[in-house]
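Chain by chain, the residues:
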Amino acid sequence: MRNRQRWITGTLAAVAAAAGVACTASNTDRQALAQGFAQYQARQFDEAEAAASAYLAKYPTAEDADEAYYLRGLARLGRGDKGGAAQDLTTAIDKSRRNDLKAKAWRVLGDIAYDGVRFAEARTDYQNSLAINAPDAADKSYVNYRLGVVLQNQGLWEQARPYLDKAAASGDATFAQRARDRAGLRYFTLQFGAFRDTANANSLARELKAAGIDAGVFPESHDGQ
């Protein structure tokens, strides 16, 4: 019995040691994962996904497995697999201890929800990204801008203003002016039709007004007409 206990203990120790080795990536595999990020930047999404998957197959419980899940999420999104991307990005957040990675993963999840016109979900994701003290100022400018736009799309004009003001004050070349242009908005318009005949346009406007919609007719020149 004692010999059997020693064998079981020795076997468990051997398994634990093997697991410990499996969780420590070699320099070669780390370089392969880094190459996967380079492939993603080059829009080689299939290759980037393969690199991340290969890393996770060898080191599923490694401390830096969060990077591989994040990369695979980005690559899958690049291929149009939004469901797979969201799953990987969520796993990356759950596994990671890095604030920068978590903030970026939440941002991408916000983008996925925004593109799917799920504004309430996008709002939560962007707020989670901002709640993390990430050092990337440019990324914060983007998230503040997108969160402001999300709130405007929900009709929450006053709540949107502080986020747009932050993006406008950031000095970011891409989003500062966009944020300034949107900060003062308090409504949006929908086009219900386009007519060559003014009488038809006026008729539709009267129908909309009768339905309680603040409608009007706005002349527009197109191809000389």
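For the structure, check the block above.
Residues numbered from 1 in each chain as written. Predicted model: local features only at pLDDT ≥ 70, side-chain atom pairs only at ≥ 80, totals over all residues. Heavy atoms only, no water.

S.K.: In this structure, what is going on with the overall build of the chain? I would like to understand it.
M.R.: Looking only at helices and strands, the chain has 11 helices and zero strands in total. Taking all 225 residues of the chain together, the buried fraction comes to 34%. Put simply, of all contacts in the chain between residues at least 6 apart along the chain, 49% involve residues at least 24 apart. Looking at the chain as shown, the accessible area adds up to about 13,900 Å², and 51% of this sits on carbon and sulfur atoms. (Helix = DSSP H or I, 4+ residues; strand = E, 2+ residues; numbered from the N terminus. Buried < 20%, exposed > 50% of the residue type's maximum accessible area, 1.4 Å probe, protein only. Contact = heavy atoms within 4.5 Å. Areas by Shrake-Rupley, 256 points an atom, 1.4 Å probe, with all protein chains shown as cover.)

S.K.: I tried to follow the packing of helix H2 (residues 27–41) against helix H3 (residues 45–58) on my own but got confused; where do I start?
M.R.: Helices that pack against each other are described as a pair by the angle of their axes relative to one another and the distance between those axes. It is at 8 Å that the axes of H2 and H3 come closest, and there the two elements cross at 155 degrees. It follows that H2 is roughly antiparallel to H3 by the angle criterion. Here H2 runs over H3; the crossing is left-handed. Every residue of H3 that contacts H2 at Asp-29, Arg-30, Ala-32, Leu-33, Gly-36, Gln-39 and Tyr-40 is listed here: Phe-45, Glu-47, Ala-48, Ala-51, Ala-52, Tyr-55 and Lys-58. Here the contact of H2 with H3 is composed, by residue class, of eight nonpolar, two polar and four charged. (Axes fitted to C-alpha atoms, helices over the stretch in contact; angles between N-to-C directions. Parallel < 35°, antiparallel > 145°, perpendicular 65-115°, else oblique. Left-handed = near helix turned anticlockwise from the far one by under 90°. Nonpolar A, V, L, I, M, F, W, Y, C, P; charged D, E, K, R; others polar.)

S.K.: Help me out: how do you make sense of the nonpolar core in this one?
M.R.: Grouped burial of nonpolar side chains is what soluble globular proteins tend to show. Counting 24 residues, the largest nonpolar core has Tyr-55, Tyr-70 and Leu-89 as the members making the most contacts within it. The leading source of residues in this core is helix H4 (residues 65–78), at seven residues. Ranked by size, the runner-up nonpolar core spans 17 residues in total, among them Leu-147, Val-150, Ala-168 and Ala-183. (Core = buried A, V, L, I, M, F, W, Y, C linked by side-chain atoms within 4.5 Å.)

S.K.: Would you explain helix H10 (residues 176–183) in this entry?
M.R.: An α-helical turn contains 3.6 residues, so any two residues separated by three or four positions project in the same direction. Ala-176, Ala-179 and Ala-183 are the residues of H10 that are buried. What you see down the axis of H10 is that its buried residues fit within an arc of 65 degrees, all on one side. (Arc of directions from axis to C-beta.)

S.K.: Teacher, can you tell me more about the environment of Gly-80 here?
M.R.: As for its placement among the helices and strands, Gly-80 is situated in the loop between H4 and helix H5 (82–95). The exposure class of Gly-80 is exposed, given its relative accessible area of 52%. Sequence separation between Gly-80 and Phe-45 is 35 residues; the distance between their C-alpha atoms is 10.0 Å.

S.K.: Explanation requested: the pattern of salt bridges in the structure shown.
M.R.: Any two side chains of opposite charge can pair, given that their charged atoms come close. For the structure shown, the criterion picks out 15 salt bridges. For Glu-67, the salt bridge identified is with Arg-98, shortest N-O distance 3.2 Å. In this pair, Glu-67 is assigned in helix H4 and Arg-98 in the loop between H5 and helix H6 (99–115), connecting sequence segments 31 residues apart. Judged by its relative accessible area of 34%, Arg-98 is partly exposed. Between Arg-98 and Asp-100 there is a salt bridge, with its nearest N and O atoms 2.9 Å apart. Residues participating in the shared-partner salt-bridge network are Asp-46, Glu-49, Arg-72, Arg-76, Arg-79 and Asp-88. (Salt bridge = Lys/Arg side-chain N within 4 Å of Asp/Glu carboxyl O.)

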